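Results of the structural survey
Here's the letter readout for the chains.
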Amino acid sequence: MLQASDHLAHACTVVGKAAAFLFVPMMLIILYDVFQRKYLGYNPDFTTTDWYKMFTSTRLQEMEWHLHSVLFLLALGYGYVKDSHVRIELVRDTLRPRTRAWVELFGALLFLVPYCYVVIEYGTENALRAFNIGEGSDALTGLPHRFIIKGMLPVGFVFVALAGLSAALKCLVYLFGPSSLRAASGQYAGDHPPTQPADA
Amino acid sequence: MENVIYYMPLIMFGVLAIVLFTGYPVAFILGGIALLFAVLGDWAGVFRLDQIQLVPLRIYGGTMASLVLVAIPMFTFMGTMLEKSGVATDLLEALQVLLRKVPGGLALSVTLMGTIMAATTGIIGASVVMMTLMALPVMMKANYSIPLATGTIAASGTLGILIPPSIMLVIMSDLLSVPVGTVFIAAIVPGLLLALLYTLYIFLLCRWKPHLAPPMPDEIGPATRGEFWRMIFRSFLPPIFLILAVLGSIFAGLATPTEASGVGAAGSVLLAWFNRRLTWETFKDVCYRSALTGAMLFGIFVGATAFSFVFKSIGGEHLIVEFIQNSSVGPWSILFVLMAMVFALGFFFDWIEITLIVLPIFAPIVALLDFGGHVGEWAGISNPIVIWFLILVAVNLQTSFLTPPFGFALFYLKGVAPPEVKIQMIYKGIIPFVALQVLGLFLCVVFPWIVLWLPSWALGG
Amino acid sequence: QQHWNLQSTYAGSLPQLGTLGIRIADMITQLSNGEIEVTFQNPGGVVPALEVFDAVGSGAVEAGWSTPGYWAGRVPALQLLAAVPFGPRASEYLAWMKFGGGQEFLEELYEPHNIHSVICAVIAPEASGWFRNEIHNTDELRGLTMRFFGLGAKVMERMGVSTQLLAGGDIFPALELGTIDATEFSMPAIDLNLGFYQVAQHYYFPGWHQQSTFFDLMINLDLWESLSEHQQQMINTICDANIAFGLAEGEAIQIDALETLENEHGVQIHRWSDEDLGRLEAAWEEVAAELAGEDADFARVYESYTNFRQRYARWRDLAYLD
Ligand code: NA
Ligand code: NA
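Residues numbered from 1 in each chain as written. Chains lettered and ligands numbered in written order. Predicted model: local features only at pLDDT ≥ 70, side-chain atom pairs only at ≥ 80, totals over all residues. Heavy atoms only, no water.

1. Comments concerning the overall build of chain A
- Tallying secondary structure elements over chain A gives nine helices and zero strands in all.
- Starting at the N terminus, the α and β elements of chain A follow one another as α-α-α-α-α-α-α-α-α.
- A compact globule built from 200 residues should have a C-alpha radius of gyration of about 16 Å, whereas chain A, at 22 Å, is more than 25% larger.
- For chain A, the spread of C-alpha atoms along the three principal axes comes to 75 × 40 × 30 Å.
- Taking all contacts inside chain A whose residues are at least 6 apart in sequence as the whole, residues at least 24 apart take part in 76%.
- As displayed, chain A offers around 8,000 Å² of accessible surface, 70% of which is attributable to carbon and sulfur atoms. (Helix = DSSP H or I, 4+ residues; strand = E, 2+ residues; numbered from the N terminus. Rg over C-alpha atoms; globule rule 2.2 N^0.38 Å. Contact = heavy atoms within 4.5 Å. Areas by Shrake-Rupley, 256 points an atom, 1.4 Å probe, with all protein chains shown as cover.)

Below is the structure:
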C-alpha cells in the first residue's frame, strides 16, 4: 500500500516537474512578442512571411496564458505531494500526530476527492463540447483547438486526485499499519509541514 | 427551518472557519466546503445541484483564460531566481549597510521596494510572493522580529492594487463605467499615503524598540572605502538596474505591465549568470519551486471561485444586500455600513467577488447620496462622489487582503516563507498594519481631497 | 414561480450594451407579474463572459445577454448575425433578420447547442477606433499595433496592422504609454464614460467594421420549450419593444457625448476618406471569401445576406435621399 502511495506520488512529481520547465517557453514567447511588436512589425519584408502570420501577437498572447494554465494545473498535484499548499497550522500544531493523520485522511477523502470528481467530470464534458464543435479562439486571429487547453483542467485535477489518494494511503498505513512503517508513512502527521521543501 | 435555510450562507462561513483550523490545505477545504453546501443547498431547495457544473467553467474562464495572471508566475520566477542565486541577499545586505544608521532600515527598504513593485504589477500574489522570497530570509537572518518582517512585507506587497497599474481598479472602473485614467490617478495619493504611514510606523517602532530590528553591528560589512564601493557596484546596482528595466520597459511603451513581468524573469536569469551563480541545478530548482508556488496560489484561486459561487447561489449575495439595506439610513450610515461590510467580506472572499456583489448594487445608490458638499466639485471629474467611493472601496479591499483569518496576502506569504514562520506570527504581525490602513481609509473618508485633488489637477486642464 | 439568472457578457453600467440587458430582465419580471423573476448578472457574476454560451446550453444558467458575434470561436457563422464589416444600417439589417432569413439561420445555428436566441436589440454604429497619432491614410496603418477583435481584426491584419489581445487591465496603460498605437472600442456614449480620450486624442469614424450590431437574449432551449405560449409571446414582444427602444436611445445619446468629447476634452475627430474605405472594403471581401471557404455555414449565411442586400439595393437607391 505504501508502495502504491509512493508510485502515485512519484507520478505527480514527474508530471509537475516536467510542467515546471514551461517557464522557459513562457519567458521566450513574452520576450519575442515584445520584440516583434516593437521592432519587426514595421518591416514589410518581414510581415509578409509565413513565420509572421504563424506567430501573430494575438496568437502569442493566447499561448502565454495557455502555457501558464498548463503549468499551474499540472503542478497542483505535485504541490500536494510536496505539501506546498497553504495550511492554517494554528490548531494543527497542538494536535497529536495520529489526529493529524486522521484529519488528512478525512480531508483527502471527503473534501479533495469529491471536489476533484466534480472538476474532472464537468471539465471533461466542457472539453468534449469544445472538441465536438471544433471550438477555436474567440478572437478570429487567435489559436485553434480550444479543446486541448480545456482538457488540461480535468487532466490537472486527475493528478490532484492521485496525490490525494497517495496521501490517504499513507495515512491509512500510518494509522493501521505495522509500527515498522510509521516513519515511512508519517509525512502528513508531521509537525510543521515545510511549505517550501528543502528538496523541490 | 426556514431561518436555517435563510442563514445558510452564514453557516457556510462558520463551517469554513472551523474546518480551516484543522490544518488541511486551504485550497481543497474551499472546494470541499463548496461542494458540501451545494449538496445541502440542493436538499434545502435553494440550489440546483446541476449548477455545480459551472465551477469548471468559472475556473476556465476566470482563472485559466486570464492573460493578466501570467504576471504571477513570472514575478514568482524572478523572485525565486534572485533569491536562489544570492542576488537578493546581496542586495538587501548592501541596503542594510547603507541604512545601518536608520532604525528598521531593512524594513523601510522593503516598504520602498513594495512601493516600486506596486508600480509594475497590479496583482497582489505576484508582489507579495516576490518580496517574501527576496526579503524575508534576509530579515530573519538579521534577527528581525518575524511578525514585524512579515507584516511589513504583506502590507507593502498589497500596495500594488492601489498604485497603478492595477487590474482591480480597471475592473471596478468597468463595473461603474467611469474613466480608468481618472481612477488610476485618484488611487496614487491614497496608495502613497499608506506607504508613508507604514514608513512612519516602522521608523518610530524600531526607534522605540530596537530589539525588534537589531541594527547591524559596526564591525560587519565593508571595512574600507574601496570595499564599500565594490559592494555597491557588485551587489546593489545590478538588481536595482533590473527593477528599473522592468519599470522602464513599461514606461517606455515597450511592454505591457504583464509582459514586463516576463522581461523581469528573463532579466533575473541574466543577472544570476552575470554574477556567475547560474548553474543547471539552480535553474532547475528555481523552476520547480516557482511551479510549486504557482500551484499554491492557483489552488487557492480555484478553490475560492468554487466557494464564492456556491455562497452567492445559496442566497449569500441576497443576504448581504438585504443586511446593508436594512441596517442603514442616511448617507453617512449607508457609507459606514457598506465599508464595514466590505471589510468583513474581505475575511473570506477575494476582491473580485466582493466588487461584483457590492459595486453594481450600491455605487448608484452612493452616487445619489447627499453628503452636504463634503465631497465638493472638482474640475475635470464629472462624478467625484463615485470616484471617491470607488477609491474608498479599493483602500478597504486592500485591507481585506490582510485581515486574519482569511487574508489572501497572508496565505501567499505563508506559502513561500521558511517553515519556522507560523501563521500565528503572520497574524500577529499584520494587525498594526491593518490598523494603519483603517486609519488611511478614515483619512480618505474625512478628507476627500486626498483622493480627488491629484486627478482634478492632472485632468482639470 | 421561476427564478432566472440572466448572465450578461457586458457590465451593466455600460450604456446600451449593459443597460438594455438590465431593461430586459426588469421587463420580464414585471410583465410576467413575477412569474419569472430575472436577475441580471454582471460578467463573472455566475460565469465569466466567454462561458455564457456553454452555461446556457447546459441549462445551468437559464438565460444570457450577449451578441451572436461573441461566439466566433464556436460557431463562426453567427458573426454574420451580429455585425458585418461594411454592413447595412439598422433598418436594412433588421429587414434581413426578420423577413429575409436571418432569424431562421439564428435559430438553426444555435439549436445544436441547445440554445434558443431572440434578437433583442440593435445598436447604432460604432466608432472606428482611438489612435494615439493621426493616420492620414490606410497605408499608415501598416506596422501599427492595435487592439481589435473579430471580423474587423482580420481586415486590419490584411492592412498590415498587428492586432493585439492584451489583458483587460493592460489595455489602458498600454495605450497610454504607447505599447499599442490604437484600440477599437465602442460608440461615443460608451467611450466617453470609459475615458479613452485621456490617452488617445484621435477618434476615427465611421466604424466600418460595425455599422449596426445585433444583441440577443439566449435562453436554454429546453427551458424555452417548457414555457407557455403566452410566456414565449411575452418575451418576443419585450424584445421587439427593446429593439425600438434601444435604437432610438442609441441614436439620441451620441449627440451629447460627441459634443463633450470634442468641446470639453479636445478630441480630434476624423473620418476615413472614401478611398481608404474602399481599400478596407476590398480587404474585407477577401476575408469574407476566405471565411466562406473555411466554413460551410458561414458561406450559406453570407450568400443569403449578400443576395438580400443586392436585391434591396434597388429599393434603397430609389426610396432614400442619401
Ligand atoms: Na500596481
Ligand atoms: Na481577509
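2. Here's the deal with the sheet that holds strand β6 (residues 145–147) of chain C
- Across the sheet, six strands lie side by side as β7-β6-β8-β5-β9-β11 (chain C); this open sheet has mixed pairing. Unpaired on one side and paired on the other, β7 (162–164) and β11 (268–271) of chain C mark the two borders of the sheet. (Pairing = 2+ DSSP bridges.)

3. Focus: the UniProt feature "transmembrane region" (unreviewed entry) in chain A
Residues and elements named next belong to chain A.
- Annotation from UniProt places "transmembrane region" (unreviewed entry) at residues 12–32, 65–81, 101–120 and 152–176.
- Structurally, residues 12–32 comprises 90% helix and 0% strand, and the distance from its first C-alpha atom to its last is 31 Å.
- Here residues 101–120 runs as 100% helix and 0% strand, with 26 Å between its end C-alpha atoms. (UniProt positions renumbered as here; feature names shortened; annotations may be inferred.)

4. Examining the interface of chain B and chain A
- Every contact between the two is made by 71 residues of chain B and, on the other side, 67 residues of chain A.
- In this assembly, chain B packs against chain A so that about 6,200 Å² is buried in total across both faces, 74% of it on carbon and sulfur atoms.
- Three residues stand out in chain B for area buried against chain A, namely Y24, M64 and L292 of chain B, and they jointly supply 12% of the buried area on that side.
- Our count for the chain B to chain A interface comes out at zero salt bridges.
- Across the chain B-chain A interface, the total number found is four residue pairs in polar contact (both at pLDDT 80 or more).
- For the side of chain B that touches chain A, the elements supplying multiple residues, two or more each, are α2 (8–20), α3 (26–44), α4 (54–64), α5 (71–84), α13 (257–274), α14 (280–326), α18 (408–416) and α19 (423–446) of chain B.
- With 20 residues, the top contributor of residues to the side of chain B that touches chain A is α14 of chain B.
- Across the side of chain B that touches chain A, the residue classes tally to 48 nonpolar, 17 polar and six charged. (Buried area = accessible area lost by both parts, 1.4 Å probe. Salt bridge = Lys/Arg side-chain N within 4 Å of Asp/Glu carboxyl O. Polar contact = N/O pair within 3.5 Å; in protein donor to acceptor, adjacent residues only side chain to side chain. Nonpolar A, V, L, I, M, F, W, Y, C, P; charged D, E, K, R; others polar.)

5. Quick word on helix α8 (residues 124–141) of chain B
All names here are of chain B.
- For α8, spanning 18 residues, the distance from its first C-alpha to its last is 25 Å, which sits close to the expected 26 Å at 1.5 Å a residue.
- Residue A135 marks the point of greatest curvature in α8, where the axis turns by about 35°; the proline P137 follows within four residues.
- The buried fraction of α8 is high, at 16 of 18 residues.
- With its phi angle positive at about 65°, N143 sits one or two positions after the end of α8. (Expected span 1.5 Å × (residues − 1). Bend = angle between axes of the 7 residues up to and from the residue. Buried < 20%, exposed > 50% of the residue type's maximum accessible area, 1.4 Å probe, protein only.)

6. Quick word on the state of the cysteines
All names here are of chain C.
- Following the criterion strictly, the structure yields one disulfide over all chains and no others.
- One disulfide in the model links C120 with C239; its S-S distance is 2.0 Å. Measuring handedness by torsion sign, the sulfur bridge of C120 and C239 sits at about -85° and is left-handed. Placement of the pair is C120 in strand β4 (residues 115–123) and C239 in helix α9 (residues 229–264), with a sequence separation of 119 residues. Pair check on accessibility: C120 and C239 agree, each one buried. (Disulfide = S-S within 2.5 Å.)

7. Description of the confidence of the model for chain C
- Counting all residues, the mean pLDDT for chain C is 90, and 98% of those residues have values of 70 or more.
- Reported confidences for the modelled complex are a pTM of 0.88 and an ipTM of 0.91. (pLDDT = per-residue confidence, 0-100.)

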